[in-house]
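The residues making up each chain are set out below.
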Amino acid sequence: VGHTVPIGHALLSPNSQYLLVSYLDDRIKLWDWQSATCVATYTGHANRTFCIPADFLAHGPGQCRVLSGSEDAGLHVWDLQSKRSVGVLQGHE
């Protein structure tokens, strides 16, 4: 898979099904590890440099959330299944 923007971090999901990749242009992409296809793109950070890696969080049976942060002082929580934001925590240091 070719990338035109530098990668900040990459993380394989605990079940080895997904690869979560944060890019240095405010995007996070979720890739299907087996097929190498992008299944979701998460946007919402205002800063181009991620200061912490994105991570997977277990949230009940069969549910998973993705947590991402950047130098915009926002922590975004994304639902893996719906691919939507479920919250933003502002003002972290």
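Residues numbered from 1 in each chain as written. Predicted model: local features only at pLDDT ≥ 70, side-chain atom pairs only at ≥ 80, totals over all residues. Heavy atoms only, no water.

### As for the nonpolar core
Which entries qualify depends on this criterion: Side-chain atoms within 4.5 Å are what join buried Ala, Val, Leu, Ile, Met, Phe, Trp, Tyr and Cys residues into a set we call a nonpolar core. The buried label applies to any residue whose accessible area, calculated with a 1.4 Å probe on protein chains only, is under 20% of its type's maximum; exposed applies above 50%, and partly exposed to all values in between. A run of DSSP states H or I qualifies as a helix once it reaches four residues; a run of E qualifies as a strand once it reaches two. Both are numbered from the N-terminal end.
Listed in full, the 11 residues of the largest apolar core are Tyr18, Leu20, Ile28, Leu30, Ala40, Tyr42, Phe56, Cys64, Val66, Trp78 and Leu80. Of all the elements in the fold, those that place two or more residues in this core are β2 (18–23), β3 (27–32), β4 (37–43) and β6 (64–69). If you look at the next biggest cluster of nonpolar residues, it comprises five residues, including Leu19, Val21, Tyr23 and Trp31.

### Regarding the pairing of strand β8 (residues 85–90)
The condition that has to hold: Strands pair, by our definition, only if DSSP identifies at least two bridges between them.
Here strand β7 (residues 74–79) runs beside β8; their pairing, made up of five bridges, is antiparallel. What sits directly across from Gly74, in β8, is Gln90. Counting the residues that bridge the hairpin from β7 to β8 gives five residues, and of these Lys83 lies at a positive phi of roughly 65°.

### Some thoughts on the side chain of Lys29
Heads up, the rule is: The charged-residue count follows a simple rule in which Lys and Arg add positive charge and Asp and Glu add negative charge, with His and chain termini not counted at all. The term salt bridge refers to a pairing of a side-chain nitrogen on Lys or Arg with a carboxyl oxygen on Asp or Glu at a separation within 4 Å.
Among the secondary structure elements, Lys29 is positioned in strand β3. One buried charged residue, Lys29, forms no salt bridge at all, with the nearest opposite charge on Asp25 at 7.8 Å.

Honestly, that's just the spatial picture; any functional story needs more than this.
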